[in-house]
Structure formats: structure tokens, C-alpha cells
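The chain contents come next:
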Amino acid sequence: MPPVFAHGRLRLYLLKLLDEAPRHGYEVIRLLEERFQGLYAPSAGTVYPRLAKLEAEGLVTHATEGGRKVYSITEAGRAELADRGGELADLELEIRDSVTELAAEIRDDVRGAAGDLRREMRAAASASATRVEDESWKAAKEELRKARQEWKEQARRAKDESRRAREEAQQARRQAKEAQERAREEVQRIAGQLQEQFAKSGGVLGSLAGAWLGGGATQAGPAGPAPSAAPADSAAPTGADTGAGTDWAQDLAPTGDPARDLDRLLDRFRDEVRDAARDHGVTPARLAEARADLAAAAARLTATLRGGA
């Protein structure tokens, strides 16, 4: 019989079960047995060492309740589970296939036993045609009936589990796709807000955008020509004015959600640009320069978020 879980897959499925609710080790074993409709149950020597390893890696934690360790998933565990959403969907399909294979083996065993029983019954009938309805014959018929009933029940359970696993895998794929679409729409929304704010803001925005992107906005972007030099009598904002450089916005602690962290950085950038525009003023010439610089900055940001160089 092929292994139920491929290498590393039981570890991933344990994270999924703990993501559903905190559980102790025996409950995890019982739940796995239920998921496989009683066709497979891992031993304590298989489950508990993996839970201990997950805890050592910081993916789960435990609390003692009633003398038992109750394991719960950590934020790091949820992050790994989210990153491996596609692999989890494939795992659901593998579990369905494993259940189907186990059920097929049981079905073959039952069929073989039923065939042997029928042959024995026929031999007994040939040897003793006058005693067809005796107690041994009735017992044989009852055994055959039970065997058929058991096979039907196992086949039904395997079919139900296969259907449920397929539906869960399809749902997981849909959810992963919807999450990707929402992330893409959020990035496009933020880019649109940036472009709108850039169009409404003052001439120092181009210098701020170039400093924030590490000098990437000093070249002409796809939306317009390279910006001309700032007038001599206009003081360009320095790194101290914009907070640019490697230490920029270091006071914003990461939240663990990259999309939320990006939104906070964009808010900080917009606030500093508005302050600079208010403090230094806006002229038509600087507005033209800012539009060109910000077009290059927006192009570079969009390329980065889309996975470009």
C-alpha cells in the first residue's frame, strides 16, 4: 500500500487542523482517523514528535489544560499555511486519492473473501444437496450477506470522502485565486491613488519620489520626458526633509501583513510630500517637473509590485 502522506505533507496537514481550532494530540489522531473514515489512523509515535518539532520551529505553541498539552497555531504557522495554500489544495486531493486507494484495497479484499465463500458454499451444496437449508448453510448465507453489506458501506464512505475532499480542494483553489485577485486590485488601487495625489501635489514631489526610490526617479519614465534641473533659487528638499535613505520610515514596525505595511509606507510618503509642498510652495515649472518625476517613480513602483526587475 502506498504511503498516505508524502514526505512533509503530514506536517502541513497538522498545521491545517490546528488552524481550525486548538487541539490536544489524541484529538488530532482521532480527527485524522475521522477524515479517513476509519481507513487510516496515525500512531502517537507519528503525531507527537511532529507536534514537538512544529513547536520548536515556532509554528505552534501549547498550553496545559487538565494535564494535557493543547496545541495552538501561531502567527508564523498561519503565515506558512497561507504561503503554501496551493500545496495544501494538492494535499487535499492526495488525501482523497489515498482514501480511494484504501477503499479499493478493502473492496478487493471483500470481493476475494466473498468469492471464496461462494465457492465453499457451492462445494457444500454439491456434497449435500439434501441439506441445503441446514444451520451451516444459513450461517454461510448470513456471512455472505454481512460481507456484501460491509463492502457497500465501505464503498459509500470512500465515495463520500472522495467527493468531500474534491470539493474542499476546489474551494481552497478558488479562495487562493480570489486572494490573489484582491491583492492585485489593492495594489492597482494604491497606484491609482498615488498617481491622483501626485497630479494634485506640488513641484517638490518629484524630488521626494526620487529620493524615496533611491534615485530611480531621476530618469525619464514612460509617462513623460526627463525632468529639468530645479531653478537655482528654489531649495530642493534634502534627505533630512524627506526622510529618504535606508533609515526612512524605520519607526514603522512591521505588522506581519506586507499589504498593510505597504499602505502605511504610502501614507507616510504622502504626508511628507504634502508637508514639503506646503512649506516650500508650488510653481507651474515645478509642477511639470514633479509630474515627470512621479511618472517614473510610479512606473518603477508598479514594476516592483508586479515582480519586475
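Residues numbered from 1 in each chain as written. Predicted model: local features only at pLDDT ≥ 70, side-chain atom pairs only at ≥ 80, totals over all residues. Heavy atoms only, no water.

### Points about unusual backbone geometry
Phase 1 of the analysis: In this model, Ala249 sits at a positive phi of 60°, which is unusual for a non-glycine residue.
Phase 2 of the analysis: Checked against the element boundaries, Ala249 lands in the loop between helix H8 (239-242) and helix H9 (258-280).
Phase 3 of the analysis: Look at Ala249 and you get buried, because its relative accessible area is 10%. (Helix = DSSP H or I, 4+ residues; strand = E, 2+ residues; numbered from the N terminus. Buried < 20%, exposed > 50% of the residue type's maximum accessible area, 1.4 Å probe, protein only.)

### Some points on the nonpolar core
Phase 1 of the analysis: Counting residues in hydrophobic clusters, the biggest one holds 23 residues, and the most contacted among them are Leu14, Leu15, Leu18, Val28 and Leu32.
Phase 2 of the analysis: Counting only elements with at least two residues in this core, the list comes to helix H1 (9-20), helix H2 (25-35), helix H3 (44-56), strand E3 (68-73) and helix H5 (85-127).
Phase 3 of the analysis: Among the elements that make up this core, the one with the highest residue count is H1 (seven residues).
Phase 4 of the analysis: Leave out the neighbours within four places in its chain, and Leu15 touches Leu54, Leu59, Val60, Ile73, Gly77, Glu80 and Leu81. (Core = buried A, V, L, I, M, F, W, Y, C linked by side-chain atoms within 4.5 Å. Contact = heavy atoms within 4.5 Å.)

### What to know about the sheet that holds strand E1 (residues 23-24)
Either a parallel or an antiparallel arrangement is found when strands of a sheet pair, and the pairing is made through backbone hydrogen bonds.
Phase 1 of the analysis: Read from one edge to the other, the open sheet built from three strands follows the order E1-E3-E2, with strand pairing classed as antiparallel. In this open sheet, the two strands that pair with only one neighbour each are E1 and strand E2 (60-65). (Pairing = 2+ DSSP bridges.)

### Thoughts on the pairing of E3
Phase 1 of the analysis: Two strands pair when backbone bridges link them, and E1 and E3 are joined in this way by two bridges, in the antiparallel orientation. Bridge pairing in E3 places Arg23 opposite Tyr71.
Phase 2 of the analysis: Taken together, the six bridges between E2 and E3 define a ladder with antiparallel strand orientation. Residue pairing in the sheet places His62 in a bridge with Tyr71 of E3.

### Some words on the confidence of the model for the chain
Phase 1 of the analysis: Scored by pLDDT, the chain comes out at a mean of 77, with 72% of its residues at no less than 70.
Phase 2 of the analysis: Counted against residues more than four places away or in other chains, residues 211-243, with its pLDDT under 50, gives 54 contacts. (pLDDT = per-residue confidence, 0-100.)

### Observations concerning the pattern of salt bridges
Phase 1 of the analysis: Taken as a whole, this structure holds 24 salt bridges when the rule is applied.
Phase 2 of the analysis: Residues Glu27 and Arg23 are paired through a salt bridge, measuring 3.6 Å at the closest nitrogen-oxygen approach. In this pair, the class of Glu27 matches that of Arg23, namely buried.
Phase 3 of the analysis: Note that Asp279 is salt-bridged to Arg278, the shortest N-O span being 3.8 Å.
Phase 4 of the analysis: With a relative accessible area of 56%, Asp279 lands in the exposed category.
Phase 5 of the analysis: Judged by its relative accessible area of 58%, Arg278 falls in the exposed class. (Salt bridge = Lys/Arg side-chain N within 4 Å of Asp/Glu carboxyl O.)

### Re H2
Phase 1 of the analysis: Burial in H2 covers these residues: Gly25, Glu27, Val28, Ile29, Leu31, Leu32 and Arg35.
Phase 2 of the analysis: Gln37, located one to two residues past H2, shows a positive phi value of around 55°.

### Quick word on the packing of H1 against H3
In a pair of packed helices, the angle between the axes and the distance between the axes together describe the arrangement.
Phase 1 of the analysis: For the pair H1 and H3, the least separation of the axes is 10 Å and the interaxial angle reads 75°. Judged by the angle between their axes, H1 and H3 are roughly perpendicular. Contact with H1, carried on its side by Leu10, Arg11, Leu14, Leu15 and Leu18, involves Thr46, Val47, Arg50, Leu51 and Leu54 of H3 and no other residues of that element.
Phase 2 of the analysis: Looking at side-chain class alone, the contact of H1 with H3 contains seven nonpolar, one polar and two charged residues. (Axes fitted to C-alpha atoms, helices over the stretch in contact; angles between N-to-C directions. Parallel < 35°, antiparallel > 145°, perpendicular 65-115°, else oblique. Nonpolar A, V, L, I, M, F, W, Y, C, P; charged D, E, K, R; others polar.)

### Examining the packing of H1 against helix H4 (residues 75-83)
Phase 1 of the analysis: Viewed as axis vectors pointing N to C, H1 and H4 meet at an angle of 120°, and their least axial separation amounts to 10 Å. Relative to H4, H1 is oriented oblique. When you trace H1 past H4, the crossing you get is left-handed. Contact residues: Arg11, Leu12, Leu15, Lys16 and Asp19 in H1; Gly77, Arg78, Glu80 and Leu81 in H4.
Phase 2 of the analysis: Of the residues in the contact of H1 with H4, the class split is three nonpolar, one polar and five charged. (Left-handed = near helix turned anticlockwise from the far one by under 90°.)

### Structural notes on a positive patch on the surface
Phase 1 of the analysis: Together, Arg118, Arg122, Arg148 and Lys152 give the surface a local cluster of positive charge.
Phase 2 of the analysis: Those elements that place two or more of their residues in the positive patch are H5 and helix H6 (135-200).
Phase 3 of the analysis: Classification of Lys152 by relative accessible area gives exposed; the value is 51%. (Patch = residues over 30% accessible without salt bridge, like charges linked within 9 Å, V, L, I, M, F, W, Y side chains within 5 Å. Areas by Shrake-Rupley, 256 points an atom, 1.4 Å probe, with all protein chains shown as cover. Lys, Arg positive; Asp, Glu negative; His and termini not counted. Charge placed at Lys NZ, Arg CZ, Asp CG, Glu CD.)

### So, the environment of Arg274
Phase 1 of the analysis: Structurally, the position occupied by Arg274 is in helix H9.
Phase 2 of the analysis: By relative accessible area, Arg274 is classed as partly exposed at 41%.
Phase 3 of the analysis: Sequence separation between Arg274 and Gln197 is 77 residues, and the spatial gap between their C-alpha atoms is 9.4 Å.

### A few points about H4
Phase 1 of the analysis: Those residues of H4 that sit buried are Gly77, Glu80 and Leu81. Down the axis of H4, the buried side of the element spans an arc of 100°, and every buried residue falls inside it. Exposed positions of H4 whose direction lies more than 90 degrees from the buried face are Glu75, Ala82 and Asp83. (Arc of directions from axis to C-beta.)

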